[in-house]
Amino acid sequence: MSVSRTSDSANSRQKAEKLLADRFRCPLHLANFPLAGTLSPTSGYFQFSPGVICYGQCASGTPAQRVTDPLHDARRYVTLNGAHSVPLPFDPLQIIDNLRCERYLADSPGDEQPLPANRFFRNAYYLLRPLLPVPVRKHLQQLYFRSRDTIPFPKWPVDRTVESVFDQLLIFAMKAGKISRMPFIWFWPEGAPSCTMLTHDVETAAGVEFCRQLMDLNDSFAVKSSFQIVPELRYPIPDSFLPSIRERGFEINIHDLNHDGHLFTNRKQFLKRAERINRYARQYGALGFRSAVMYRNIDWYDALDLDYDMSIPNVAHFDPQQGGCCTVMPFFIGRILELPVTTTQDYTLFHILNDYSTRLWKEQIARIRNAHGLMSFLIHPDYIIDEAARRVYTELLQYLTELRAEGETWIALPREVAGWWRLRSEMELVQEGNSWRIQGKGSERARLAYAVLDHDRLIYEFR
Ligand SMILES: [Zn+2]
């Protein structure tokens, strides 16, 4: 890894400003974040204030190779020299990218990484899975995932590191600019405090069969959701199946190609499969995608001709592929928008954690609402045919629709969430005398908000 050169720093500064504006849609000229010092030759873990764990190169101290090592606190080395400039001992763009794109996994040897042994287990397990009786399968998974909730990073059960880094950057920028109230474009339409979306991956023929009942159940709560369909080999797709989903106002997305667990095994095969996936997406009128078992290699995503992906968990301690994007907000990977899965999926809850309650989901909901984020759920029709599981899901629907009734969340289809996020990303705040106006397509649904500096904290207000 090379040390960043002076010629790169102006570029990086521009990008960093844009980064802050992209999160808050606040005025562009807010602050500069020049690099203070020389970045460490290698990447590693450090903190940006206690508990906010970052990964990347650092100029103020040596980043640790393991997240469990004592971590350098880079925030203590940020000095405000005024004049809209906040020299930082790291490249904020690199840090955010390493978190959201899970790049901290690539060259770090920590226990939390997908070690070869883990990869071996994963492949062997996936190969044998169809042959194993369910109780054996569950037992193996419980052994494998034991004590995953104690891994310090990403933080279980919801990781909001990206939001914490952004907030800290905005606090520094506001202090440097002596600004106490920063106008920005609120995260969700009509000023909704949070956003919720429900998605269903259809795994088996039994799942296909159960979709109608699941739509009835969702409709009884006036909730629409998306169904991710495996286009090849997995199960027959009756002619009437896709129209029956579409005509009821539910959404159809693509779930992998054939769900054999090998979508990302090699690049050549992936490109061939991506072509087929793109063709099915056009045929189904689908805009979104989720891979099998949430396996992912985002560096290959540019071959997918889709509007959004939903394959990255917020924290993946209980998934076969480790990692997590450490954010509860949508974000762009090139031209594809990522709508991360921010809550524990039903299979993990019921069969690995052995929890037949909404306790964990409610805890995650509370944490995500606190960050005004996206609460995205993955519920499989296949796994809620069972009555005990269905009761828990029904309770979740009850809880979410109560929140909606109280004006606490916007429940929307993935395509609506993605559509909104794209529009918002194009909107601008323009100054008109002493006030601000939101400009751009869809701005009639947008709300002007203010980030208010309260000592070392940010408070969001609408007026
Ligand atoms: Zn699946």
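What counts and how
Residues numbered from 1 in each chain as written. Predicted model: local features only at pLDDT ≥ 70, side-chain atom pairs only at ≥ 80, totals over all residues. Heavy atoms only, no water. Phe/Tyr/Trp six-rings, centres within 6.5 Å; stacked < 30°, edge-to-face > 60°. Helix = DSSP H or I, 4+ residues; strand = E, 2+ residues; numbered from the N terminus. Buried < 20%, exposed > 50% of the residue type's maximum accessible area, 1.4 Å probe, protein only. Lys NZ or Arg CZ within 6 Å of the ring centre and 35° of its normal. Donors = N, O, S within 2.8 Å, 3.2 Å for Na, K, Ca; no water. Tetrahedral: all angles 85-135°; square planar, octahedral: opposite > 155°, others 65-115°. Salt bridge = Lys/Arg side-chain N within 4 Å of Asp/Glu carboxyl O.

What follows deals with the packing of aromatic side chains. All told, the structure shown has 26 aromatic pairs when counted by the stated rule. Between Trp 361 and Phe 377 the ring centres are 6.0 Å apart and the planes differ by 85 degrees, which places this aromatic pair in the edge-to-face class. One end of the pair, Trp 361, is in helix H10 (residues 359–370); the other, Phe 377, is in strand S11 (residues 374–378), with 16 residues separating them in the sequence. Owing to a relative accessible area of 0%, Phe 377 belongs among the buried residues under this scheme. Chaining the aromatic ring pairs together yields one cluster made of Phe 24, Phe 184, Trp 186, Phe 187, Tyr 460 and Phe 462. The ring of Phe 24 carries Arg 23 above its face, with NZ or CZ at 4.9 Å from the centroid. Here the basic side chain of Arg 181 rests over the ring of Tyr 450, its NZ or CZ set 4.2 Å away from the ring centre.

In the first shell of the zinc ion, the protein supplies Glu 203 (OE), Glu 203 (OE), His 255 (NE2) and His 259 (NE2), at 2.1 to 2.5 Å from the metal. For the zinc ion, the 4 donor atoms in the first shell make angles of 55 to 132 degrees at the metal, so the coordination geometry reads as irregular. Summarised as a motif, the one-chain spacing of the donors to the zinc ion is E-x51-H-x3-H. On the criterion of sequence distance, the pair formed by Glu 203 in the loop between strand S4 (195–201) and helix H6 (205–220) and His 255 in strand S6 (residues 251–255) is long-range, its members being 52 residues apart. Here Glu 203 falls in the buried class, since its relative accessible area comes to 4%.

Where side chains of opposite charge bring their charged atoms close, a pairing between them can arise. Taken as a whole and assessed by the stated rule, the structure comprises 23 salt bridges. Its salt-bridge partner being Arg 248, residue Asp 219 comes within 3.0 Å of it at the nearest N-O pair. Of this pair, Asp 219 sits in helix H6 while Arg 248 sits in the loop between helix H7 (241–246) and S6; the two residues are 29 residues apart in sequence, bridging distant segments of the chain. Looking at Asp 219, the relative accessible area reads 27%, which means it is partly exposed. The exposure class assigned to Arg 248 is partly exposed, which follows from its relative accessible area of 26%. Salt bridges sharing partners connect three or more residues here, namely Asp 216, Asp 219, Lys 224 and Arg 248.

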